[in-house]
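# Reading the structure
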Amino acid sequence: MAVRLGFVGTGGIANRHLSCAHKHDEMEVVATCDVVIELAQAAAEKYEASGDAYGDVVEMLEGEELDAIVICTPPFAHGDIEEAAAERGVHFFVEKPVAISMEMAGRVLSAVRKHDIITQVGYMFRKSAPIIAAQQMLSERAVAMVQAHYYMPGLPNKGWWTKMELGGGQLVEQATHMLDLGRFLAGDVKSVMGKTSTVHDWEPPAGYEQPEKGLVAHKKGFEIPDTTALILEYESGAMGTLSCSLVPQVAWDNGFKVVAEGALLTIDGPNANWTTAEGETAEQAPDDWADAVLIEFVEAVQGKGEATIPYEEGVKSLAVSLAGYESVNRGNAAVEIAEILPAGI
Ligand SMILES: NC(=O)c1ccc[n+]([C@@H]2O[C@H](COP(=O)([O-])OP(=O)(O)OC[C@H]3O[C@@H](n4cnc5c(N)ncnc54)[C@H](O)[C@@H]3O)[C@@H](O)[C@H]2O)c1
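Residues numbered from 1 in each chain as written. Predicted model: local features only at pLDDT ≥ 70, side-chain atom pairs only at ≥ 80, totals over all residues. Heavy atoms only, no water.

### Here's the deal with the sheet that holds strand S1 (residues 3-8)
As a reminder, the rule being used: We treat two strands as partners when DSSP finds at least two bridges between them. Under the scheme used here, helices are H or I runs from DSSP no shorter than 4 residues and strands are E runs no shorter than 2 residues, and both carry numbers assigned from the N terminus. In this analysis, two residues are considered to be in contact whenever any of their non-hydrogen atoms come within 4.5 Å of each other. The angle between two axes is taken between their N-to-C directions and runs from 0 to 180 degrees, where each axis is a line fitted to C-alpha atoms and a helix contributes only its stretch in contact.
Spatially, the six strands line up as an open sheet ordered S3-S2-S1-S4-S5-S6, and their pairing is parallel. Each of the sheet's edge strands pairs with one partner strand only, and the pair in question is strand S3 (53-54) and strand S6 (119-121). Contacts between helix H1 (residues 14-23) and the sheet are confined to S1, strand S2 (27-33), strand S4 (68-71) and strand S5 (91-94), with S2 contributing the most and set at about 145° to the helix. On the sheet, helix H10 (residues 292-301) packs against S1, S2, S4, S5 and S6 and is oriented at approximately 170° with respect to S5.

Next up, the structure:
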């Protein structure tokens, strides 16, 4: 039987998941929900929802028979949505980052455990086949250095991105992909030191015209750091760095260099190549690689396997981002992850 899905937050990224659900027989797009009801209605029409469009998640959960919801709201708009689903025994897939704060994430984690629902976080790089192969290669070796970067050539034109209290800043909102993948490749992080800067003048100059689509080079009210550097210490003893910036330049670039005993690994987006004594390996992800994380969740709901990125993993990766900014607040002192995580994790 197809898994009956409701979609909450039908802005940008929801389209990836709606389009995946629309083309797979094992998923049924039942209902959509967005505080901007016109967006929910447009998504319901475009992806041929069998049920209704809603402006409120509780109304959707009460009004439809759903097996699971797919949550694609901005970082500040979490907590109540996940709790409402958990209380009704409705499983959820949630886009990263799982929350804006550890208080919010801890509250949801308690509800997930209490109601024993299936969860999955949208860290799709973990489900890319080349990265899984790279992780297996690393698992047989001692990892020394995990060097990560996330460079985005400008700012998504969304007001919430410009405020720490809404988007969380680039570390929480976006570089979390790399911090999570670092944990996947090298295990848990012990401590983080961070430093941030704002290099670019984001104030729109006279006559600046924002492009209709894509990233912008200027936006009023920009308050987050645009450039960040972290030093990470892993529990295993490995060291790591993370550099991220959204200063306008010309290309997207995210990935890793990983140094391990007898191996040098490069990850470029979803692709990976490495050199060992056995020779060189280069692996390319298929075009639809980013769908795998939702497909795995739906199969878990059908009882056909495990959702391998449960909510708790999202909480642990969020803690690494929050520790980075906390280190900045503490004058660049090292912050232990154990201080940040909710009790009992
Ligand atoms: N995995 C990825 O590659 C990836 C890519 C882009 C975005 N994301 C994540 O997805 C999330 C959303 O990003 P986006 O770019 O789609 O943002 P967006 O602003 O385009 O869309 C978010 C939508 O949520 C709606 N919304 C806000 N509060 C709501 C609520 N309480 N109930 C229902 N709807 C609500 C908004 O009206 C908006 O339409 C972010 O956390 C972002 O980090 C992940």
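### Brief notes about the packing of aromatic side chains
Applied cut-off: Stacked, edge-to-face and tilted are the three classes for Phe, Tyr and Trp ring pairs, Trp counted by its six-membered ring, which pair at centre distances within 6.5 Å; planes under 30 degrees apart are stacked, over 60 edge-to-face, the rest tilted. Only protein chains enter the accessibility calculation, which uses a 1.4 Å probe; a residue is then buried when its area is under 20% of its type maximum, exposed when over 50%, and partly exposed in between.
This structure, assessed with the given rule, holds six aromatic pairs. Geometrically, the ring pair formed by Phe-92 and Tyr-311 is edge-to-face, given 5.8 Å between the ring centres and 85° between the ring planes. With Phe-92 in strand S5 and Tyr-311 in helix H11 (residues 311-329), the pair connects residues that are 219 residues apart, well separated along the chain. Under the relative-accessibility criterion, Tyr-311 is labelled buried at 1%.

### Quick notes on the pattern of salt bridges
This is how the line gets drawn: Salt bridges are identified by distance alone: a Lys or Arg side-chain nitrogen within 4 Å of an Asp or Glu carboxyl oxygen.
If you walk through the whole model with that rule in mind, you get 21 salt bridges. Across the salt bridge formed by Arg-107 and Glu-83, the nearest N and O atoms sit 2.6 Å from each other. Taken together, the residues span a long stretch of sequence, with Arg-107 in helix H5 (residues 102-115) and Glu-83 in helix H4 (residues 80-87) at a distance of 24 residues. We classify Arg-107 as partly exposed; its relative accessible area is 29%. One network of salt bridges, in which partners are shared, links Arg-126, Asp-180, Arg-183, Asp-188 and Glu-313.

### Brief notes about helix H2 (residues 37-46)
What counts here: Arc definition: it is the arc formed by the directions from the helix axis to the C-beta atoms.
Residues Ala-40, Ala-43 and Ala-44 constitute the buried set of H2. Relative to the axis of H2, the buried residues are bounded by an arc of 100° and lie together on one face. Those residues of H2 that are exposed and angled more than 90 degrees off the buried face are Glu-38, Glu-45 and Lys-46. Here the buried face of H2 lies against H1, S2 and S3. Within two residues after H2, Glu-48 carries a phi angle of roughly 55°, on the positive side.

### Topic: the pairing of strand S12 (residues 239-245)
Bridging between strand S7 (residues 143-151) and S12 involves seven bridges; their strand directions are parallel. Each bridged residue has a counterpart across the sheet, and for Val-146 the counterpart in S12 is Gly-240. Across seven bridges, strand S11 (residues 227-234) lies against S12 in antiparallel orientation. Looking at the pairing, Leu-230 lines up with Leu-242 of S12. The antiparallel pairing of S11 with S12 creates a hairpin that spans four residues between the two strands, and Gly-237 there sits at a positive phi of about 105°.

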